[in-house]
Amino acid sequence: MVRLAAALSRSTRSSKLSAMLATLITTLPCAVAAAPTNIIYIIGDGMGPAYTSAYRYFNDDPSTKVVEPTIFDKLLVGMASTYPDDDTYVTDSAAAATALATSHKSYNGAIAVNSDKQVLPTLLEYAKAKQRTTAVVVTSQINHATPASFLAHNEHRRNYNEIADDFLSNLIDNKPVADLMLGGGQQYFVREDRDLVAELRALGYQYQDDFNALSQLERLPALGLFAPKGLAPALGSPAPLRLSQMTEHALTLLPANPKGFVMMIEASQIDWCGHSNDIACAMAEMTDLAATIQRIVDYIDQHPNTLLVMTADHSTGGLSLGADGIYQWRGQLLHSVKQMPSTLAKWLYESPAHLASEQAFYDFWQTHLGLPIDAEQRNEYRQQLQTALAQDNGVKEATRLLKQQIDTLTSTGWTTGGHDAVDVQVFAYGQGAAQFNGHQDNTQIAKKLIDLIH
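In this text, all values refer to a predicted model and were calculated from it rather than measured experimentally. (Residues numbered from 1 in each chain as written. Predicted model: local features only at pLDDT ≥ 70, side-chain atom pairs only at ≥ 80, totals over all residues. Heavy atoms only, no water.)

Draft legend 1. Up close: the pairing of strand E8 (residues 222-225). Burial along E8 is two-sided: the face carrying Ala222 and Gly224 and the face carrying Leu223 and Leu225 are both buried. Two elements, strand E6 (residues 180-184) and E8, share four bridges in a ladder whose sense is parallel. Paired with Met181 across the strands is Leu223, a residue of E8. Examined bridge by bridge, strand E7 (residues 206-208) and E8 share three bridges and lie parallel to one another. Paired with Gln208 across the bridge in E8 is Gly224. (Buried < 20%, exposed > 50% of the residue type's maximum accessible area, 1.4 Å probe, protein only. Helix = DSSP H or I, 4+ residues; strand = E, 2+ residues; numbered from the N terminus. Pairing = 2+ DSSP bridges.)

Shown next as structure tokens:
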């Protein structure tokens, strides 16, 4: 503990943060003998209970009578509340991520600061101070609300450039908090006023901006920024399991440290699908997350000194499986949707011949959507899309209509384009998983994880 406090005091981060980290870690309870060496912390952004239920039915084998459990069902251990530090009960991703990273509530928009805008030490900062290898793997930009709340401190989540800069100024023992960062965000790290990638390279980081060359990151520290902002959606992507692929590669790099590692993984775009009320998009993101979890479970089976904890920061969209009083949900049909509705709307705008006749539209529909529609629906949907595309905001309106048509055909419902206050699931596997059983607040998840770092 004395060596840890000394290391923290040498951090080039503000003396206030260093002193706070040193004080808090020296007062943490002694870790039990069964504390895991490695911790993998997954956040399914926006992934409330309806999403894991939807994935179960989407993933069901229709040739069997029983609905098969998914990897989510097998790892479920409890639930968590998500409210922020006010009386609204509905959190945003920043306040929720701050709670999940620091064990403290804060206001919506806060990045690892409290309601008085004072710095809150994070799980990854604790881990770095204890000489564990640290990693962040996300499908958003790496300075987005959730990863930012583990690596930086800022009064507002929208200060993207300031947050990116903080990755170079928020240091532990003169080093950035994360040894490995994979995700998007090129435009925030290579700017006219500053080239943060060059600065990270000067600190010894390998860098890669081509996802297809992910394997060329061969050592730590390393940085992979694979898109100007967030990565492309899973649906219609040439790499639909991109989170799983990044996670798998990260696991090949991390075990070199005998002290272990702490990795935060975010399935960032489940939330984006929810905000957009796009069920096909959401199921593609859930498929990527399920593959990621299975890869981690396989890793833990080979490395039993590892703990996986997963939760959501909140639920998004008010998703319902069943709508308009119809007692059914036809999620299996979503397997035939091959592209994002926004992409299809753009294609229709650029090539209006797809709407020139009922047959042309039917051919387009069958190729890219494949949902069963009768002749009356074909005519109705074609006319609706023609009308929408004739408007000034035609692509946007056609996107909305396509999502609405998919919802109608699958009996999917939504209540909001924002977040809601429902409790979210907690999942755990590996050494120490039982500590997360039952109901808890999101701050308690973070506190338990911080207490396990020894």
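Moving on from the model shown.
Draft legend 2. Structural context of the environment of Tyr51. Positionally, Tyr51 belongs in helix H3 (residues 49-58). Tyr51 has contacts with Gly46, Ile270, Gly274, Ala282, Met283, Met286, Ser315, Thr316, Leu319 and Trp414, leaving out every residue within four places of it along the chain. One polar contact links the side chain of Tyr51 to the main-chain carbonyl oxygen of Thr316, over a distance of 2.5 Å. (Contact = heavy atoms within 4.5 Å. Polar contact = N/O pair within 3.5 Å; in protein donor to acceptor, adjacent residues only side chain to side chain.)

Draft legend 3. Main features of the state of the cysteines. The full count for this structure, using the stated rule, is one disulfide. The disulfide that involves Cys273 links it to Cys281, with 1.9 Å between the sulfurs. The disulfide joining Cys273 to Cys281 has a torsion of about -55° about its S-S bond and is therefore left-handed. For Cys273, a relative accessible area of 1% puts it in the buried group. (Disulfide = S-S within 2.5 Å.)

Draft legend 4. Just empty space enclosed by the protein, in detail. All told, the structure shown has one cavity of 30 Å³ or more when counted by the stated rule. Class assignment of the residues belonging to the lining of the largest cavity gives a composition of six nonpolar, one polar and no charged. (1 Å grid on protein atoms, 1.4 Å probe; cavity = no way out; pocket = protein on both sides within 12 Å on 5 of 7 lines; lining within 4 Å. Points joined across faces, edges and corners; volume = space filled by probe spheres on them. Nonpolar A, V, L, I, M, F, W, Y, C, P; charged D, E, K, R; others polar.)

Draft legend 5. Examining the pattern of salt bridges more closely. Applying the stated rule across the entire model yields 14 salt bridges. Among the salt bridges present, the one from Asp193 reaches Arg191, with a minimum N-O distance of 2.9 Å. Residue class for Arg191 comes out buried when judged on its relative accessible area of 12%. Among the ionic pairs, Glu285 bridges to Arg242, the shortest N-O distance being 3.0 Å. (Salt bridge = Lys/Arg side-chain N within 4 Å of Asp/Glu carboxyl O.)

Draft legend 6. Structural view of the packing of aromatic side chains. Scanning all chains against the criterion turns up 10 aromatic pairs. Considering the side-chain rings of Tyr160 and Tyr188, the 5.1 Å spacing of their centres and the 40° angle between planes classify their relative orientation as tilted. Remark: Tyr188 occurs in helix H9 (residues 186-189) and Tyr160 occurs in helix H8 (residues 160-169); sequence separation between them is 28 residues. An identical accessibility class is assigned to Tyr160 and Tyr188; each is buried. Aromatic pair Trp365 and Tyr381: ring centres 5.6 Å apart, planes at 40°, arrangement tilted. On the criterion of sequence distance, the pair formed by Trp365 in helix H15 (residues 358-368) and Tyr381 in helix H16 (residues 375-389) is long-range, its members being 16 residues apart. In textbook terms, an aromatic cluster arises when at least three aromatic residues are bridged by ring pairs, as seen for Tyr55, Phe58, Phe72 and Phe427. The ring of Tyr57 carries Arg56 above its face, with NZ or CZ at 5.5 Å from the centroid. Lys105 extends its terminal NZ or CZ atom over the ring of Tyr83, reaching a point 3.7 Å from the ring centre. (Phe/Tyr/Trp six-rings, centres within 6.5 Å; stacked < 30°, edge-to-face > 60°. Lys NZ or Arg CZ within 6 Å of the ring centre and 35° of its normal.)

Draft legend 7. Summary view of the side chain of Thr316. With respect to the secondary-structure elements, Thr316 resides in strand E11 (residues 315-316). Separated by 2.6 Å, the side chains of Thr316 and Asp271 make a polar contact.

Draft legend 8. Main features of a nonpolar patch on the surface. Nonpolar side chains collect at one region of the surface, where Tyr83, Tyr89 and Val90 lie side by side and expose about 290 Å² of accessible area between them. Relative accessible area serves as the criterion here: at 38%, Tyr83 is assigned to the partly exposed category. (Patch = residues over 30% accessible without salt bridge, like charges linked within 9 Å, V, L, I, M, F, W, Y side chains within 5 Å. Areas by Shrake-Rupley, 256 points an atom, 1.4 Å probe, with all protein chains shown as cover.)

Draft legend 9. The arrangement of the environment of Gln377 in detail. Examined against the element boundaries, Gln377 turns out to sit in helix H16. Taking the relative accessible area as the measure of exposure, Gln377 reaches 21% and is therefore partly exposed. C-alpha separation for the pair Gln377 and Gln405, spaced 28 residues apart in sequence, amounts to 9.6 Å. Sequence-distant contacts of Gln377, defined by excluding residues within four places in its chain, comprise Pro372 and Leu409.

Draft legend 10. Spotlight on the packing of helix H5 (residues 93-102) against helix H18 (residues 442-452). Their axes nearest at 6 Å, the elements H5 and H18 cross at an angle of 30°. As the angle between them shows, H5 and H18 are arranged roughly parallel. Together, Ala96, Ala99, Leu100, Ala101 and Thr102 of H5 and Asn442, Thr443, Ile445, Ala446 and Ile450 of H18 make up the contact between the two elements. In the contact of H5 with H18, the residues fall into seven nonpolar, three polar and no charged. (Axes fitted to C-alpha atoms, helices over the stretch in contact; angles between N-to-C directions. Parallel < 35°, antiparallel > 145°, perpendicular 65-115°, else oblique.)

Draft legend 11. Spotlight on helix H11 (residues 242-253). Compared with an ideal rise of 1.5 Å per residue, which puts 12 residues at 16 Å, H11 spans 17 Å between its outermost C-alpha atoms and is within 8% of the ideal. If you check which residues of H11 are buried, you get Arg242, Leu243, Ser244, Met246, Thr247, His249, Ala250, Leu251 and Leu253. Buried residues along H11 sit in contact with strand E1 (38-44), strand E3 (133-141), E6, strand E9 (261-267), helix H12 (269-275) and helix H13 (279-302). (Expected span 1.5 Å × (residues − 1).)

Draft legend 12. Local environment of unusual backbone geometry. Residue Pro221 is reached from Leu220 by a cis peptide bond, and omega for that bond is 0°. In this fold, Pro221 is placed in the loop between E7 and E8. For Gln131, which is not glycine, the phi dihedral falls at a positive 65°. Turning to its location among the elements, Gln131 is positioned in the loop between helix H6 (123-129) and E3. Look at Gln131 and you get partly exposed, because its relative accessible area is 42%. Despite not being glycine, Asp173 shows a phi value in the positive range, around 55°. Tracing the sequence through the fold places Asp173 in the loop between strand E4 (171-172) and strand E5 (175-176).

So yeah, pure geometry; function would need other evidence.
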